[in-house]
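Observations on chain architecture
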Amino acid sequence: MGRALGGFEQTILMALLRLGDGTDGVSIRREIEARIGQETSTGALYTTLERLETRGLVSHALGDSRPERGGRRKKLYRLEAPGLTALRESYSAFTAMVQGLESRLDVAEEPGRP
Amino acid sequence: MSGSRPPLLPRFLLALLLRGEEREVISGDLEEEFRVLVGRSDGGKYARAWYRRQALKAVGGRLVERVRRSDAHVGGTGARSDGTGGEGGGIMRGLFRDVRFGLRTLARRPGFTAVAVVALALGVGANTAVFSILDAALLRPLGFPDAGRIVRVWGGRPLSKSTLAEIHDRVTAFQAVTGFESGRLALTGAGPAAELYGAAVAPAYFDVIGVRPAQGRAFLPEESEPGNDPVVILSHELWQGVFGGDPDIVGRTIRLDGAARTVVGVMPAGYRPLNRAWRIWVPQTANPADFSDWSGTAGTTVIARMASGATLEQANAELAPIARAYHDSDPDIFGDAFVKAATVTPIQRAAVGSFRTTLWVLLGAVALVLLIACANVANLLLANGESRSQELAIRRSLGASAGRLLGQLMVESTLLGLLGGGLGYALAWLALWTFRAQVTAAVPLGDRVGLNGAVLGFALATSLVTAVLFGLWPAVRALRPDLRESLQGGGRRTGRGTGRRGMNRTLMAFEVALSLVLLTGAGLLIKSTWLLQRVDAGFRSENLLTLRVNLPGGRYEKDEARVDYFRRLEDRVAAVPGVVRVGSMSFLPMTSTHMSTLFTVTGRPPQEDTPRSFATVQAVMPGMGEALGTRLLHGRWLEEADRADAPHVCVINRAMATAAFGAEEPIGKQIQLFGWFDATVVGIVENVREMGLDQPARPGAFLAYPQLPGFSTMYVVVRTAGPPRDLIPSVVAAISGIDRDVPITQVATMNDVLRASTAASRLTTMILSLFAAIAFMLSVVGVYGVISYTVSARTYEIGVRMAMGAGRSAVVREMVTRAFLPVGLGVLVGAGAALALGRVIESQLYEVQPRDPLVLVAAVVSLLLAAAAASIIPARRAATVDPVVCLNA
């Protein structure tokens, strides 16, 4: 198993999971910005996606060239099985660590949790 | 619509710095989002800002990523020698790797890096600042078309209009020739009375300068006929300012000096006149009342445009016979100086004048600073190379080629150069910004000084050449040592590398010598400025307010009207509380405007073989002597009783008393001025340095204004009880209360006038002192660096000697003595050079000999003391070496 996912890596993988296979960079970035409410750098997004790709967590295919992109093609991403596994591990690590800390972090507990 | 496409520069950066798919996808994403954002209501402002931000982040991020990845291939030693392998852009990859490695190396030696960068920055910064002045004054052409062909004729001496006509007819090297007289006209009827500085120009003026009015037309030839001249051309600024950009300005009538003139043209925006204060141009008319062939102090300044292909020598050759003819007609008035001045000078050179010499002195001085900085950096790199020789040897033995390592070292010094150059450029900017007022005041064309592309190029080239040249040499040396010995650390133990330490010491001696030259030069200038500040100007400059009034024509056409005005002025101002005494005079001392004329002693026939003498002439109102505070030596001052109808009298200064009468008693004798004005001497006063503090007083005569009332422009001097600045509003109000249409200008304290007159010499002194201080500091740091390096390189040897029983003081003494050998050598060479180079700044000095022994001794002593201090600190460290620790090391 590779090293644990970084924060931005997790964010991207979750966005990709939410949007489904064949999502392009623009949509991923918009999804992240809409949810987190902060501008995200396109450069950083692709740098991270590339890193995730070399680790086999995501893959991409090239789309068609599009006029609204000045005739340029786009990359369509897909979450691979190891990506999903890594995300799962991150999630369980996070929940394990965060348990009991909710009141100190001053965040509301999610309903339905013990 | 310009907003529909993403901003050009970021788009270009993306295309330039990203590759392949990466470029396509990122540019595509940004463009897609940009098109969405540009539809917002703010006209694409947000979209462009967003695009710019995103593009810069993308480019920066990708560069960092690329460097990080290339590092993964390299490994720590940098020994991989196949710099050309790998996929696309191998050289770039190799470069990235070296840059990264170089930055890490520099960061690992923060002390070394900081000293080297600061040394370079000081050198480059000082050079850049001086270069920007050079660029403004000499290199960048003035804003006239083909400005290099415009020349000033006859050294700028005012010539009579008939001489101008003669030049026009006889000199074929000129395509066009013209003349101008600068002066002031009072503008009335458009707000408060304003005094406008401008020029009365002869025909063809606009052909010579090559710039024509942007609106309207230039003057017609017939407008130079007397009576045909009520026309005027305005500057763009005047049109925009006083006339509020009136679109119908051409054809409008304005009142200048009480007379109506029609505006026929407006000069283009951004046009910088020959004199940057000019705002208006009027035709110069051949007024028969002009003093047309008078002693050469009034008349028209002649400029010309060279015919294409004509040379300056050709023009000079054609002027010479004209000058000789004048000389033959009257060798007294048209003396040798007049004949010698019959040459042409390119207009820019003429504008810069004697400041050229100053500029070259400064440039020479600043080049020395750079050399010292270079020696410092070279020394540091040498020492650095020595301490790194082991590292380099290991890397070579692991297979790195010498070329590879050399390239690496070069990249390191280039980085140093860029860091130093960047900081230096910032320093230059800071210096110019801080001293912009002084520079504008003291440097001819100083308003053009600034940082531009040429200056940036200079800074970049200087820092890179410096760093690479002085980095290459230590790098080559660092790569030469014997591999085996370095690997064993033998250099440290056996005291090898003495050759390199010899080099260090040579550089140190060189630095000391150069600093001494600069210190001596600065010392000479400081002494000169100090002496200049102590010069007795001949009057009391404290608590003195000065201003100028210019009586417009028309109402003040008659002599009586002018005399009456100044009587009333003195009465009104004297009544202002806080005013002690008021006077008026035709020329203010230190402002370099004056009038001079031939004089003779009445009843003494002029001798054939002695040259006739000139005297400066001042027309003054009675209060002037006491207001200015000039000491009366003998006799009386001019008085109220010296009216127009009274016998003509004059007060002469001490210089004139000596020149005209020698040991005889002057009072009661008569002198003749202008060839027609006879006046009886009634008093003798102390000399006033009218031409400037550094100019000896000339023979001068003060005449009563009512008896010589030709001047419409007069300076008013007000002696005050308290700080003169406090009285400005009430004095100005009192004067404008007499006649609102009389412009009041140049309101200043006499101390300010004095300061302005020495601004240029003080600026030179300040700059050179600054350079000397930098040089001094750099060489002290250099001495310190070399000694402390020597100490650390010889720790082992010192340890051995102390183990054998050498005393601490003996060790310190030996270290200091060794340091002083090169310092002493540097001082000797430097003193010799300073003595030889003293002549260079001779023209800048006032009453100081370029070989002033006191200054030289002071410079030598301060340098020696500083060097001693700098070498004792590390030498004492040598004495604290613990033999046990260092022998076990």
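Since the structure is predicted, the reported quantities are computational estimates derived from the model, not experimental observations. (Residues numbered from 1 in each chain as written. Chains lettered and ligands numbered in written order. Predicted model: local features only at pLDDT ≥ 70, side-chain atom pairs only at ≥ 80, totals over all residues. Heavy atoms only, no water.)

Secondary structure summary: chain B contains 28 helices and 21 strands in total. By the burial criterion, 50% of the 889 residues in chain B qualify as buried. Put simply, of all contacts in chain B between residues at least 6 apart along the chain, 81% involve residues at least 24 apart. Summed over all atoms, the accessible surface of chain B reaches about 39000 Å², with 60% contributed by carbon and sulfur. (Helix = DSSP H or I, 4+ residues; strand = E, 2+ residues; numbered from the N terminus. Buried < 20%, exposed > 50% of the residue type's maximum accessible area, 1.4 Å probe, protein only. Contact = heavy atoms within 4.5 Å. Areas by Shrake-Rupley, 256 points an atom, 1.4 Å probe, with all protein chains shown as cover.)

Before going further, it helps to spend a moment on the overall build of chain A. From N to C terminus, chain A includes five helices and three strands. Going from the N terminus to the C terminus, chain A shows its helices and strands as α-β-α-α-β-β-α-α. The burial tally for chain A puts 34% of its 114 residues in the buried class. Here the contacts in chain A between residues at least 6 apart in sequence split such that 50% fall between residues at least 24 apart. Here chain A has roughly 6700 Å² of accessible surface; of this, 53% comes from carbon and sulfur atoms.

So, on to helix α26 (residues 808-837) of chain B. Given a rise of 1.5 Å per residue, 30 residues ought to cover 44 Å, and the 43 Å separating the end C-alpha atoms of α26(B) matches this to within 8%. Within α26(B), the axis deviates most sharply at Phe820(B), by approximately 25 degrees, and proline Pro822(B) lies no more than four positions further along. (Expected span 1.5 Å × (residues − 1). Bend = angle between axes of the 7 residues up to and from the residue.)

All right, on to the pairing of strand β12 (residues 579-585) of chain B then. Residues and elements named next belong to chain B. Judged by how many residues are buried, β12 sits mostly within the fold: five of seven residues are covered. Where β12 meets strand β20 (residues 713-720), six bridges bridge the pair, whose relative direction is antiparallel. Its bridge partner lying in β20, Met-585 is registered against Tyr-715. (Pairing = 2+ DSSP bridges.)

Let us now look at the interface of chain A and chain B. Between chain A and chain B, the contact holds 25 residues from the first and 24 residues from the second. Here chain A and chain B share an interface that buries about 2100 Å² over both sides, 41% of which is from carbon and sulfur atoms. Together, Glu39(A), Thr42(A) and Arg72(A) form the three largest contributors to the area buried by chain A at its contact with chain B, with a combined 25%. Across the chain A-chain B interface, the total number found is nine salt bridges. The partner of Arg30(A) in a salt bridge is Glu33(B), with the nearest N and O atoms 2.8 Å apart. The interface formed by chain A and chain B contains 13 residue pairs in polar contact (both at pLDDT 80 or more). At the level of secondary structure, the elements contributing two or more residues to the side of chain A that touches chain B comprise α2 (25-36), α3 (42-54) and β2 (58-62) of chain A. For the side of chain A that touches chain B, the leading source of residues is α3(A), giving six residues. (Buried area = accessible area lost by both parts, 1.4 Å probe. Salt bridge = Lys/Arg side-chain N within 4 Å of Asp/Glu carboxyl O. Polar contact = N/O pair within 3.5 Å; in protein donor to acceptor, adjacent residues only side chain to side chain.)

Attention now moves to the packing of aromatic side chains. Residues and elements named next belong to chain B. Here the structure, examined in full by the defined rule, presents 19 aromatic pairs over all chains. Relative to Phe-338, the ring of Trp-154 lies with its centre 5.0 Å away and its plane at 40 degrees, an arrangement referred to as tilted. Of this pair, Trp-154 sits in the loop between β1 (150-153) and α6 (161-170) while Phe-338 is found in helix α10 (residues 336-340), placing the two residues 184 residues apart along the sequence. Residue class for Phe-338 comes out buried when judged on its relative accessible area of 8%. Site record: aromatic cluster; members linked through ring pairs are Phe-180, Tyr-205, Phe-206, Phe-219 and Trp-278. Seen from the ring of Trp-433, Arg-436 lies directly overhead, with NZ or CZ sitting 4.8 Å from the centre. (Phe/Tyr/Trp six-rings, centres within 6.5 Å; stacked < 30°, edge-to-face > 60°. Lys NZ or Arg CZ within 6 Å of the ring centre and 35° of its normal.)

With that out of the way, let us pick up the nonpolar core. All names here are of chain B. The biggest cluster of nonpolar side chains holds 111 residues, and the ones touching the most others in it are Tyr-205, Phe-206, Ile-209, Trp-281 and Phe-771. Tallying contributions element by element places helix α5 (residues 110-139) first for this core, with 14 residues. Contacts of Phe-771, omitting those with residues within four sequence positions, involve Ala-126, Val-130, Leu-362, Ala-365, Val-366, Val-369 and Leu-518. Core analysis: the next-biggest nonpolar cluster, separate from the first, contains 48 residues, Leu-547, Ala-679, Ile-684 and Leu-727 among them. (Core = buried A, V, L, I, M, F, W, Y, C linked by side-chain atoms within 4.5 Å.)

This part takes up helix α1 (residues 7-19) of chain A. Residues and elements named next belong to chain A. Under the 1.5 Å per step criterion, the end-to-end length of α1 is 19 Å for 13 residues, consistent within 8% with the ideal 18 Å. Within α1 the residues assigned to the buried category are Glu-9, Ile-12, Leu-13, Ala-15 and Leu-16. Along α1, the residues classed as buried sweep out an arc of 160 degrees about the axis, all on the same side. Facing away from the buried side of α1, by more than 90 degrees, are the exposed residues Gly-7 and Arg-18. Lining the buried residues of α1 we find β1 (23-24), α2, α3, β2, β3 (75-79) and α4 (81-98). Note on α1: the residue one or two positions beyond its end, Gly-20, has a positive phi of about 90 degrees. (Arc of directions from axis to C-beta.)

Another point: the sheet that holds β2(A). Pairing is antiparallel across the open sheet formed by three strands, whose spatial order is β1-β3-β2 (chain A). Edge positions in the sheet fall to β1 and β2 of chain A, since each has one partner strand and no second.

Let us now look at the pairing of strand β5 (residues 231-234) of chain B. Residue and element names in this part refer to chain B. Side chains of β5 alternate between two faces, with Val-231 and Ile-233 and Val-232 and Leu-234 buried alike. Across four bridges, β5 lies against strand β7 (residues 259-266) in parallel orientation. Within the sheet, the bridge partner assigned to Val-231 lies in β7 and is Thr-262. In terms of strand pairing, β5 meets strand β8 (residues 280-283) through two bridges, oriented antiparallel. By the bridge assignment for β8, Ile-233 is matched with Trp-281.

Once their charged atoms are close, side chains differing in charge can pair, the charge on each being opposite to the other. This model, assessed by the stated rule, comprises 41 salt bridges over all chains. Among the ionic pairs, Arg581(B) bridges to Glu626(B), the shortest N-O distance being 3.2 Å. Here Arg581(B) is found in strand β12, whereas its partner Glu626(B) is found in helix α20 (residues 624-628), with 45 residues between them in sequence. Between Lys669(B) and Glu664(B) there is a salt bridge, with the nearest N and O atoms lying 3.5 Å from each other. The class of Glu664(B) is partly exposed, set by a relative accessible area of 40%. A single network of salt bridges, built from pairs that share partners, joins Asp24(A), Arg69(A), Lys74(A), Asp29(B) and Glu32(B).

For the rest of this paragraph, the subject is unusual backbone geometry. The phi torsion of most residues other than glycine is negative, and most of the peptide bonds are trans. All names here are of chain B. Even without glycine at this site, Asn-543 takes up a positive phi of about 55 degrees. Within the secondary structure, Asn-543 is located in the loop between α18 (498-533) and β11 (544-550). The class of Asn-543 is partly exposed, set by a relative accessible area of 27%. Of note in the backbone geometry, Glu-847 takes a positive phi value of approximately 55 degrees without being a glycine. Residue placement: Glu-847 occurs in the loop between α26 and α27 (853-879).

Further remarks concern the confidence of the model for chain B. When the pLDDT values of chain B are averaged, the result is 82; 90% of them are 70 or greater. In the model, residues 71-89 of chain B has pLDDT below 50 throughout and makes 25 contacts with residues more than four positions away in sequence or in other chains. (pLDDT = per-residue confidence, 0-100.)

This paragraph deals with the confidence of the model for chain A. Here chain A shows a mean pLDDT of 84. Residues at 70 or above account for 92%. Per-element averaging of pLDDT across chain A places helix α5 (residues 102-105) of chain A at the bottom with 80 and α1(A) at the top with 91.

A separate point is the packing of α5(B) against helix α24 (residues 759-793) of chain B. Residues and elements named next belong to chain B. Look at α5 against α24: their axes get within 11 Å of each other, and the N-to-C directions meet at 160 degrees. By the criterion of interaxial angle, the relationship of α5 to α24 is roughly antiparallel. As for how α5 packs across α24, the hand of that crossing is left-handed. In this structure, α5 contributes Val-115, Ala-119, Leu-122, Ala-126 and Val-130 to the contact, and α24 contributes Phe-771, Ile-774, Met-777, Leu-778 and Val-781. (Axes fitted to C-alpha atoms, helices over the stretch in contact; angles between N-to-C directions. Parallel < 35°, antiparallel > 145°, perpendicular 65-115°, else oblique. Left-handed = near helix turned anticlockwise from the far one by under 90°.)

Looking at the element boundaries, Leu18(B) is found in the loop between α1 (8-17) and α2 (20-37). For Leu18(B), a relative accessible area of 0% gives the class buried.

Residue and element names in this part refer to chain B. Residues Val-118, Leu-423, Leu-427, Trp-429, Leu-430 and Trp-433 make up a contiguous nonpolar surface patch of about 570 Å² in total accessible area. It is helix α13 (residues 402-434) that provides the largest number of residues to the nonpolar patch, a total of five residues. For Trp-429, the location among the structural elements is in helix α13. Trp-429 gets classed as partly exposed once you look at its relative accessible area, which sits at 47%. (Patch = residues over 30% accessible without salt bridge, like charges linked within 9 Å, V, L, I, M, F, W, Y side chains within 5 Å.)

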